[in-house]
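Observations on the model geometry
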Amino acid sequence: FSGSSGETKGIFTPKFEDYQKIYNEIAARLEEKDDYDDGSYGPVLVRLAWHASGTFDKETGTGGSNGATMRFAPEGDHGANAGLVAARDFLEPVKAKYPWITYSDLWILAGVCAIQEMQGPTIPYRPGRSDKDVAACTPDGRLPDASQGNKHLRNIFYRMGFNDQEIVALSGAHALGRCHSTRSGFEGPWTFSPTVVTNEYYKLLLNEKWNWKKWNGPKQLEDKTTKTLMMLPTDMAIVSDKAFKEWAVKYAKDEELFFKDFSNVIVKLFELGVPFAENTEQSKMIFKPTS
Ligand code: ZEM
């Protein structure tokens, strides 16, 4: 392993145990700081890891989780990244305590930790990302726009190298967290358990009736039964597009299948554009959840 950060003094080669320590530290902070949103920073940590990774462009090899360029204003200020400063700030004390880890490895480790601690599937992890400077910031517009439909989703996710099944599996992350009118303009959670990884997103999409919400904000849907849940226009594309819907039906019926496919696609997402050392593919780290 040779991906330690520039700040490291002397020679320190971190091992699995060192990463597990950081995992445990993040898990302890998640437990401790339970006054945020629905009781956890977990969802916003997952979103940070996703937005760090989802800028990848397979044609040019630019973007992706290598670099952590969202630390810099040009990228941090992109509309899609509004509010993610909460996740970055949450991790600052961890970075201060373990300065040898790069921001880019830390943000992805935090995404892995958040998913596992919110009772999600095991997410194998590989370190090896290095932090880049401001010049590596990606242009605005690489992350999906929630007001659009199936064609846009395919354009954005095919650019990262994903297929239809993977787009649907990734979308299940919206079981977690919520929209904030102060960030994206949209408002509300997708599920009744926004701090637990489940296949509820697909179940609700397919089994609930969704109506346009009557309000002054951007176009979003609300559930007919309680009017407390929401779906974005892009979420509805997951059930209005025939090819997408086939996968949504499978994931709604079979949470085990969803967990397996979600883990695989998250690992792929989190590794986009990262120049890992040779022979690390077969030796990914599996962290032990704290509960
Ligand atoms: Zn999201 N996402 N996302 N997403 N997302 C939001 C929140 C969260 C889209 C999108 O526009 C939005 C993926 C895919 C897509 C999470 C994870 C993942 C919000 C609300 C919007 C508008 C932001 C706010 O107001 O705070 C679109 C269009 C997507 C295309 C398919 C993928 C892939 C994800 C992970 C694998 C998570 C966890 C949240 C909740 C964040 C929070 O703060 O609670």
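Overview of the nonpolar core
Residues Ile-26 and Leu-91 are the most contacted members of the largest nonpolar core, which totals 87 residues. Among the elements that take part in this core, helix H5 (residues 103-117) stands out by supplying 10 residues, more than any other. Looking at which domains feed residues into this core, each of domain 1 (16-142 + 266-270) and domain 2 (150-263) gives three or more. Those residues in contact with Leu-91, other than ones at most four positions away along the chain, are Ile-26, Leu-45, Leu-48, Leu-106, Trp-107 and Ala-110.

Some thoughts on the domain arrangement of the chain
Quoted interface sizes are often the accessible area lost when the parts come together. Once the domains are mapped, the chain shows domain 1 (16-142 + 266-270) and domain 2 (150-263). The gap between the C-alpha centroids of domain 1 and domain 2 is 21 Å. Both faces considered, domain 1 and domain 2 share a buried interface measuring about 2,200 Å² in area, 61% of it formed by carbon and sulfur atoms. When the buried surface of domain 1 facing domain 2 is broken down by residue, Asp-38, Met-118 and Lys-268 rank first, second and third, together holding 23% of it. Remark: the boundary between domain 1 and domain 2 carries two salt bridges. Salt-bridge contacts for Arg-178 lead to Asp-38; the nearest nitrogen and oxygen are separated by 2.9 Å.

Observations regarding the coordination of the zinc atom of the ligand
Looking at the protein side alone, the zinc atom of the ligand has one donor only, His-174 (NE2), at 2.2 Å. Inspection of the secondary structure puts His-174 in the loop between helix H7 (164-171) and strand S1 (178-179).

Regarding the packing of helix H1 (residues 16-32) against helix H4 (residues 85-97)
Viewed as axis vectors pointing N to C, H1 and H4 meet at an angle of 145 degrees, and their least axial separation amounts to 10 Å. The chirality of how H1 crosses H4 is right-handed. In contact with Ile-22, Glu-25, Ile-26, Arg-29 and Leu-30 of H1, H4 contributes Phe-90, Leu-91, Pro-93, Val-94 and Lys-97. Here the contact of H1 with H4 is built from residues that sort into seven nonpolar, no polar and three charged.

Thoughts on the site of the ligand
Taken together, 23 residues lie near the ligand, and Trp-50, His-174, Arg-178, His-180 and Ser-184 sit nearest. One nitrogen or oxygen atom from the side chain of Trp-50 is found 3.2 Å from a nitrogen atom belonging to the ligand. Ser-184 is positioned such that a nitrogen or oxygen atom in its side chain is 2.6 Å from an oxygen atom of the ligand. Listed by contribution, the elements that provide at least two residues to the shell around the ligand are helix H2 (42-53), helix H6 (150-160) and S1.

Digging into the pattern of salt bridges
Under the definition given, this model contains 14 salt bridges. Of the charged contacts in the structure, one is a salt bridge between Lys-97 and Glu-25, with a shortest N-O distance of 3.0 Å. Placement of the pair is Lys-97 in helix H4 and Glu-25 in helix H1, with a sequence separation of 72 residues. The salt bridge involving Arg-126 is made with Glu-281; its shortest N-O contact spans 3.1 Å. Note that Arg-126 is positioned in the loop between H5 and H6 and Glu-281 in the segment after helix H11 (255-270), a separation of 155 residues in sequence. Among the residues examined, Arg-126 registers a relative accessible area of 7% and is labelled buried. Bridged by salt links that share partners, the residues Arg-126, Glu-271, Glu-281 and Lys-284 form one connected network.

So, how was this worked out
- Residues numbered from 1 in each chain as written.
- Predicted model: local features only at pLDDT ≥ 70, side-chain atom pairs only at ≥ 80, totals over all residues.
- Heavy atoms only, no water.
- Core = buried A, V, L, I, M, F, W, Y, C linked by side-chain atoms within 4.5 Å.
- Buried < 20%, exposed > 50% of the residue type's maximum accessible area, 1.4 Å probe, protein only.
- Helix = DSSP H or I, 4+ residues; strand = E, 2+ residues; numbered from the N terminus.
- Domains from an automatic or database assignment.
- Contact = heavy atoms within 4.5 Å.
- Buried area = accessible area lost by both parts, 1.4 Å probe.
- Salt bridge = Lys/Arg side-chain N within 4 Å of Asp/Glu carboxyl O.
- Donors = N, O, S within 2.8 Å, 3.2 Å for Na, K, Ca; no water.
- Axes fitted to C-alpha atoms, helices over the stretch in contact; angles between N-to-C directions.
- Left-handed = near helix turned anticlockwise from the far one by under 90°.
- Nonpolar A, V, L, I, M, F, W, Y, C, P; charged D, E, K, R; others polar.
- Near = heavy atom within 4 Å.
- Polar contact = N/O pair within 3.5 Å; in protein donor to acceptor, adjacent residues only side chain to side chain.

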